[in-house]
Amino acid sequence: MSSPSHRFAASRIAPAQRVEDYVGVQIDPERRRGRGAGINPSGRFEPARQLFDDGWGSADDLPPFRTEVQEEQPRRIITTNQSPDISFDRSINAYRGCEHGCVYCFARPTHAYMGLSPGVDFETRLFAKPNAAQLLERELAKPGYQPRTMAIGTNTDPYQPIEKRYRIMREILEVLEAADHPVGIVTKSALVLRDIDILSRMAERNLCKVALSVTTLDRKLARAMEPRAATPERRLSTLRLLSEAGIPTTVMVAPIIPALNESEIERILDSAAAAGVREAGYVLLRLPLEVRDVFKDFLERAYPDRAKHVLSVIRSMRGGKDYDATWGKRMRGDGPYAWQIGRRFEIAARRLGLNRERRQLATDLFRPPVAEGGQLSLF
């Protein structure tokens with residue numbers, strides 16, 4: 001015979017699950033309208049927390065998520081890396097978190113270091129670095145600094161919506177232009193066109209290139225996966241306008257998600273080539289740490305009929321796991337399915353004349369800024 005507590009648990013399991021789905025890990029659709037993630041679990045460094053509906057209907061009073069921005073004052077702005085499978089060794093991130101809300105964003109787990117959730121918090125509780133340009137100028141002026149292409153947009157998008165107000169990215173570009181320092185930008189936003197004046201001048205001296213990530217041409221899929229990023233048409237238009245301004249452009253078919261946007265590889269490359277793009281790249285979907293749960297939840301909500309199949313194919317390219325962080329495999333995957341994705345991309349790019357030359361930006365024009373309190377050159 002079961003105990004009273006067991007009988008209570010059994011009788012309440014379905015309602016309790018619904019309450020958890022509403023106020024715990026799962027977020028009510030009305031509260032997260034316009035957001036990508038459907039869950040907001042505790043970060044991996046925090047104790048697990050759940051809201052509890054005590055019967056007074058207090059869960060109904062929870063307000064919609066709003067974007068909050070907190071300013072921080074870091075001591076350094078240039079981040080360096082020695083990863084053997086990426087093409088840059090330094091980068092700048094003007095913001096933490098990203099309002100674009102891409103459900104697959106591999107940067108989501110970094111919010112756990114702030115004591116926040118990689119779920120909805122990543123899209124709504126943002127951090128800005130308003131002193132980024134001043135820090136950059138100081139770091140470029142250090143004796144012995146050796147210039148190489150500065151990558152921007154490799155973690156969170158420098159042209160996400162809050163950049164309209166903060167203008168940190170434009171200030172960074174002003175410092176880089178003054179120092180004749182090369183820069184490579186990755187974004188999903190048409191806001192990059194705001195800085196076309198700086199970028200075109202830098203392009204004349206072979207100091208910049210811009211890549212836009214075009215994940216899909218399907219507006220419905222884009223809206224579901226990347227709710228606050230530019231529409232596919234707007235991204236292609238942005239590539240065309242940048243190319244017409246003489247700025248070298250690249251299209252990133254990223255991420256490629258098997259059985260979801262994989263069929264669009266050739267169409268995306270065709271459209272980008274027609275917009276004047278001359279280089280292209282791709283990255284296979286990456287699901288490190290908490291990204292896995294955010295993406296799985298998205299699949300189950302938006303594409304329940306194919307969720308199991310998508311995850312099965314992903315695992316077939318990751319050694320049976322959701323993710324494999326091995327150098328050389330994390331971007332491309334492994335196995336027959338990953339191989340055929342790579343060959344399809346290469347064949348389409350070759351047919352369109354993409355990647356015939358990989359542009360190397362100039363580093364010999366660099367002029368260090370004058371350090372604060374330093375002496376101006378006589379020549």
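Cut-offs used in this document
Residues numbered from 1 in each chain as written. Predicted model: local features only at pLDDT ≥ 70, side-chain atom pairs only at ≥ 80, totals over all residues. Heavy atoms only, no water. Core = buried A, V, L, I, M, F, W, Y, C linked by side-chain atoms within 4.5 Å. Buried < 20%, exposed > 50% of the residue type's maximum accessible area, 1.4 Å probe, protein only. Helix = DSSP H or I, 4+ residues; strand = E, 2+ residues; numbered from the N terminus. Contact = heavy atoms within 4.5 Å. Expected span 1.5 Å × (residues − 1). Salt bridge = Lys/Arg side-chain N within 4 Å of Asp/Glu carboxyl O.

Undergrad: Tell me about the nonpolar core, residues and numbers included.
TA: Leu136, Leu140, Ile172, Leu173, Leu176, Val251 and Leu269 are the most contacted members of the largest nonpolar core, which totals 67 residues. Among the elements that make up this core, the one with the highest residue count is helix 5 (residues 168-178) (6 residues). Discounting chain neighbours no more than four positions away, the residues touching Leu176 are Leu136, Leu140, Ile152, His181, Val183 and Met202.

Undergrad: Can you tell me about helix 10 (residues 291-302), naming the residues and giving the values?
TA: Between its terminal C-alpha atoms helix 10 stretches 16 Å, which fits the 16 Å expected from 12 residues at 1.5 Å a residue. Burial in helix 10 covers these residues: Val291, Val294, Phe295, Lys296, Asp297, Phe298 and Leu299. Buried residues in helix 10 make contact with helix 7 (219-225) and helix 11 (307-316).

Undergrad: Break down the pattern of salt bridges for me, with residues and values.
TA: The full count for this structure, using the stated rule, is 29 salt bridges. Where Asp180 meets Arg367, a salt bridge forms, and the shortest distance between an N and an O atom there is 3.1 Å. Separated by 187 residues along the polypeptide, Asp180 in the loop between helix 5 and strand 7 (183-187) and Arg367 in the segment after helix 12 (336-351) bring together distant segments of the chain. On the basis of relative accessibility, which here comes to 9%, the residue Asp180 falls in the buried class. Glu279 is the salt-bridge partner of Arg358, the closest N and O atoms lying 3.6 Å from each other. With a gap of 79 residues between them, Arg358 in the segment after helix 12 and Glu279 in strand 10 (residues 279-284) connect regions that are remote in the sequence.

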